[in-house]
Amino acid sequence: MNAIFNKITHQLFHHKTWKGYWEPIIQLFLPAWRDSYYRAKVVAFKSLRADVVQLTLSPEKKWPIHKAGQHIALTVEVDGKLITRIFTIACGTTTRKSQGVIRLIIKVKDDGALTPFLGNFSKGKWVNISPPMGSFSLPHGKSVLMIAGGSGITPFLAMLEDYQANKKGSLEDKQSIHLIYYAKPHEHLLVEELTEFANHNESFSFQLLSRMHDGDIEPYLAQHGTSHWMVCGPFELYQQVAQTAKLINVPVDSEHFVAFPHLTDNTNSPKQQLIVKHNKTTLTVSNTETLLTQLQKADVPVSYGCGMGICHQCQCIKKSGVVRDVRTGELSDSAEQLIQLCVSQAATDLELQA
Ligand code: FES
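The rules behind these values
Throughout this description, residue numbers start from 1 for each chain and increase along the sequence as written. Residue-level local features of this predicted model are given only where pLDDT is at least 70; pairs of side-chain atoms are given and counted only at 80 or more, and the full residue set underlies all totals for whole chains, interfaces and linings. As a convention, hydrogens and water are excluded, and side-chain values are obtained from all of the structure's heavy atoms. When a carboxyl oxygen of Asp or Glu is within 4 Å of a side-chain nitrogen of Lys or Arg, the pair counts as a salt bridge. Counting from the N terminus, the helices are DSSP H or I runs at least four residues long and the strands are E runs at least two residues long. The rule is simple: take the accessible area with a 1.4 Å probe, protein chains only, and divide by the maximum for that residue type; under 20% is buried, over 50% is exposed, in between is partly exposed. If DSSP finds at least two bridges between two strands, the strands pair. Fitting a line to C-alpha atoms yields each axis, with helices limited to the stretch in contact; the angle taken between N-to-C directions then spans 0 to 180 degrees. Working definition of a nonpolar core: buried Ala, Val, Leu, Ile, Met, Phe, Trp, Tyr and Cys residues. They are joined through side-chain atoms within 4.5 Å. Start and end points for every domain follow an automatic or database-based domain assignment. Side-chain rings of Phe, Tyr and Trp, where Trp is taken by its six-membered ring, are said to pair if the distance between their centres is within 6.5 Å; with planes under 30 degrees apart they count as stacked, over 60 as edge-to-face, and otherwise as tilted. Here, a charge over a ring means that NZ of Lys or CZ of Arg falls within 6 Å of the ring centre while also lying within 35 degrees of the ring normal. Here a polar contact is recorded for every N or O atom pair within 3.5 Å, except that within protein the pair must consist of a potential hydrogen donor and a potential acceptor, and residues adjacent in sequence are included only if both atoms are side-chain atoms. In this description, contact between two residues means that some pair of their heavy atoms is separated by no more than 4.5 Å. Here the expected span of a helix is defined as 1.5 Å times the quantity of residues minus one. Directions pointing from the helix axis toward each C-beta atom define the arc.

(A) How the structure looks around the pattern of salt bridges. Enumeration over the complete set of coordinates arrives at 8 salt bridges. R103 serves as the salt-bridge partner of E193, at 2.8 Å between the closest nitrogen and oxygen. Separated by 90 residues along the polypeptide, E193 in helix α6 (residues 191-200) and R103 in strand β5 (residues 102-107) bring together distant segments of the chain. On the basis of relative accessible area, E193 is assigned to the partly exposed category, the value being 26%. Taken together, the shared-partner salt bridges connect R49, D51, K107 and E187 into one network.

Next up, the structure:
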C-alpha cells in the first residue's frame, strides 16, 4: 500500500514518498522532520578554538549505530534554504551506546555556506543527519600507522576511543598504533585527548608535526614499513603518503571527500556537446562533466548541498532527455523524473525544471 501511495505522490507531486507531501504539517509536531532524513537534537555547542567548534548531537533512537571512522551528512536550514555538508563523527560507538550522543568537530570557514551559521544552533535545536556512511575503519590485529592532517584527526579520535574501550575487555591484544599528526604550529586539535589515550595505552604513541618546522612527511614514514597505513587529511598529504606506500608496497586506506565534479568520465563515450534547457536558460553542455558543475560554470542559479549525491538538494525535474548517473554509469529513461544534478551527466539534449 505504501508503495502505491509513494508511486502516486511521485507522479503527481514529484515527492519521493507520500509522507514527503505532508512534511510541513508533520513539522508542526516534530521540528525539522524531513522525509528520508534522520533528526538529531543539539545537546552542546563548544568552541575549541576561534575557528573550530565541537557540536554534540543526540540522534533519534532509530538512527543506526555507527562504526568509528564513519561520516554523516549534516543538514541545517539557513535563511529558509537547506544546506548540507559532510563531517566525520569524532567519537566512537562507545560514546553513542553509553551516552546516546555523537560529536562533530567542525572547522568554521568565514566564507562557508554552513559553518558560519553553526553558532545559531544552540542547545535544544534540531538538525537533520544522514545514516552513518563510509568504510574507513581500524583493521583488527594489525599494527597501524595513522596519518592525520588538520581536522583529519577526527576519525582517528573515534577509532582510538573504541580501541581503548575494546582493549579493556580483551586479555591479549598485540595491535600497536602510532599516529603522525600534521597541523600548523599550535593548531593541533584535542592534544589532551591524545595524551590521555597514550597514558592509558602502552601500545599507542603519537607525534605532532608541522610542515613549517618538520618538513614533508616522507622521512617519517620509512620506519613504519611493516604497519598498515591509514591517512585522513588534505589531498596533498594523501598523495605524498600514497606515493611512498606504492614505492615500498605498504597497504594504505584513506578518507578524503571528493565531490563528483572531479570524477572523470568512466563511460568511454565520445565527448559530445548537448543542449540543456534549464527553466528559461538554454546552454550547451558536455557529456563528460556533471550537470551541476556546468550550470554553476554558466552562472545559472541552482540549489545544491553536498555535491556527492547524498542530500538531494540539487534535485530537479527532468522533463525530457536521458541522463547518466556518474556513480553507476546507468542511463535513465527519457520520461519525466526527478534527477540529482551533482551526480548526473547529460547523455542527450535535456529539458530541466528547477
Ligand atoms: S548536492 Fe547533495 S545530492 Fe546533489
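After presenting the structure, the write-up continues.
(B) Spotlight on the sheet that holds strand β1 (residues 38-49). A sheet is described by the order of its strands in space; here 6 strands give the open sequence β4-β3-β6-β1-β2-β5, paired in antiparallel fashion. Strands with a single pairing partner mark the edges of an open sheet, and in this sheet they are β4 (81-88) and β5. Averaged over all adjacent pairs, the angle separating strand axes in this sheet is 40°, with direction ignored.

(C) Geometry of the sheet that holds strand β12 (residues 273-278). Here we have 5 strands laid out as an open sheet, ordered β13-β12-β18-β14-β16, and mixed in their pairing. Single-partner strands in this sheet number two, and they are β13 (281-286) and β16 (337-340). Pairs of neighbouring strands in the sheet enclose a mean axial angle of 40°, with direction left out of account. Judged from the 3 bridges that link them, β12 and strand β18 (residues 350-353) form a sheet pairing that is parallel. Within β18, the residue paired with K277 across the bridge is E351.

(D) A look at the nonpolar core. If you look at the biggest cluster of nonpolar residues, it comprises 27 residues, and the most contacted ones within it are M146, F156 and L179. The set of elements that each furnish at least two residues to this core consists of β7 (144-149), α5 (154-169), β8 (177-182), α6 and β10 (228-232). The biggest single contributor to this core is α5, with 6 residues. Counting only domains with at least three residues in this core, you end up with domain 1 (2-6 + 16-129) and domain 2 (144-255).

(E) Structural context of the packing of aromatic side chains. Per the counting criterion, the structure on display carries 3 aromatic pairs. For the pair F204 and F206, a centre-to-centre distance of 6.0 Å together with 15° between the ring planes defines the contact as stacked. Judged by centre distance (5.9 Å) and plane angle (35°), the rings of F235 and Y238 are tilted. Within this pair, F235 and its partner Y238 are both found in helix α9 (residues 235-248), separated by 3 residues, close to a single helical turn. Given a relative accessible area of 42%, F235 falls into the partly exposed group. It is R39 that lies over the ring of W126; its NZ or CZ is 3.8 Å from the centre.

(F) Spatial organisation of the pairing of β4. Pairing between strand β3 (residues 71-78) and β4: 8 bridges, direction antiparallel. Paired with L74 across the bridge in β4 is R85.

(G) Broad picture of the side chain of S344. Of note, S344 is situated in strand β17 (residues 344-346). Look at S344 and you get buried, because its relative accessible area is 5%. Reaching out from S344, the side chain makes a polar contact with the backbone oxygen of Q340 at a distance of 2.6 Å. Setting aside residues no more than four positions away along its own chain, S344 makes contact with E289, T290, L291, V323, R324 and I339.

(H) A look at α9. Here α9 spans 20 Å end to end across 14 residues, near enough to the 20 Å set by a 1.5 Å rise per residue. Three or more residues of α9 are buried, namely L237, Q240, V241, T244 and A245. Projection of α9 onto a plane perpendicular to its axis shows the buried side chains occupying an angular sector of 130°, all on one side. Pointing more than 90 degrees away from the buried face of α9 are the exposed residues Q243, K246 and L247. Remark: N249 follows α9 within two positions and exhibits a positive phi of approximately 60°.

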